[in-house]
Amino acid sequence: GIQVEQSPPDLILQEGANSTLRCNFSDSVNNLQWFHQNPWGQLINLFYIPSGTKQNGRLSATTVATERYSLLYISSSQTTDSGVYFCAVGSNAGGTSYGKLTFGQGTILTVHP
Amino acid sequence: EAGVTQSPTHLIKTRGQQATLRCSPISGHTSVYWYQQALGLGLQFLLWYDEGEERNRGNFPPRFSGRQFPNYSSELNVNALELEDSALYLCASSKGLTGFKEKLFFGSGTQLSVL
């Protein structure tokens, strides 16, 4: 199956700093999403971005599908950005992978005031 | 518009018992997915239902089963509970058979503790 690797595993920032989270995946995908899991366990969908670039406020994401990686940028970080960020990928290639999102292990982000 | 709702929020069972977890998708969504998030194991795909049919399942034993009702809500059943089944169970929904090219929206989860 598809392998997903996220880096860095942990990231500690001061409020106002910028950061870049990376997601590498091992095979072609037609579905790539970034999620933020808050301290209460809720997974919030940040982006659906199998290719290209999107922006939403202080967050933006870029996926280069041909090189099998995606980046999540957080600018002017705030304490409420703390939590775990997951990259998840999927394929409609059929078989056991269809309809399945494979998640990376996540990046734990801590933003200090 | 209501998001994905799951019940109960917490569930405590003992080994060997059965657990039933429930999920209501976003209105208009026909696909429901179940994921397990156990400590140290990350998020693992369990089951996918669409239009009342099981479309795919992850690498879990048969004692993990479920169903999808005509109103698209879903139930996950875990029989013969084992200690390692303790985890956060997350349900997600999406619009359904679009070649899996769409966002998934997750509920807040059910925390299952097996004693």
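Above this text sits the structure in question.
As the structure is a prediction and not an experimental result, all values here were calculated from the model.

Please set out the interface of chain A and chain B residue by residue, giving values where relevant.
With 23 residues of chain A at the interface, the matching set in chain B holds 21 residues. Note on chain A versus chain B: buried area summed over both sides is about 1,900 Å², and carbon and sulfur give 54% of it. Area buried by chain A at its contact with chain B is led by Leu-43, Tyr-98 and Gly-99 of chain A, which between them contribute 26% of it. The interface formed by chain A and chain B includes zero salt bridges. Between the two partners, chain A and chain B, sit nine residue pairs in polar contact (both at pLDDT 80 or more). For the side of chain A that touches chain B, the elements supplying multiple residues, two or more each, are strand S4 (31–37), strand S5 (43–48) and strand S9 (83–90) of chain A. A per-element tally of the side of chain A that touches chain B places S4 of chain A first, with four residues. Tallied by class, the residues present in the side of chain A that touches chain B amount to seven nonpolar, 15 polar and one charged.

Before we move on, can you summarise the pairing of strand S8 (residues 69–74) of chain A with the specific residues and values?
Residues in a regular strand point their side chains to alternate faces of the sheet. Residue and element names in this part refer to chain A. Counting buried positions over the six residues of S8 gives five, a clear majority of the element. Judged from the six bridges that link them, strand S3 (residues 19–25) and S8 form a sheet pairing that is antiparallel. Bridge assignment links Ser-19 to a residue of S8, and that residue is Ile-74. Bridging between strand S7 (residues 59–64) and S8 involves six bridges; their strand directions are antiparallel. Residue pairing in the sheet places Thr-63 in a bridge with Ser-70 of S8.

Conventions and cut-offs
- Residues numbered from 1 in each chain as written.
- Chains lettered and ligands numbered in written order.
- Predicted model: local features only at pLDDT ≥ 70, side-chain atom pairs only at ≥ 80, totals over all residues.
- Heavy atoms only, no water.
- Contact = heavy atoms within 4.5 Å.
- Buried area = accessible area lost by both parts, 1.4 Å probe.
- Salt bridge = Lys/Arg side-chain N within 4 Å of Asp/Glu carboxyl O.
- Polar contact = N/O pair within 3.5 Å; in protein donor to acceptor, adjacent residues only side chain to side chain.
- Helix = DSSP H or I, 4+ residues; strand = E, 2+ residues; numbered from the N terminus.
- Nonpolar A, V, L, I, M, F, W, Y, C, P; charged D, E, K, R; others polar.
- Buried < 20%, exposed > 50% of the residue type's maximum accessible area, 1.4 Å probe, protein only.
- Pairing = 2+ DSSP bridges.

These results come straight from atomic positions and should not be treated as a statement about function.
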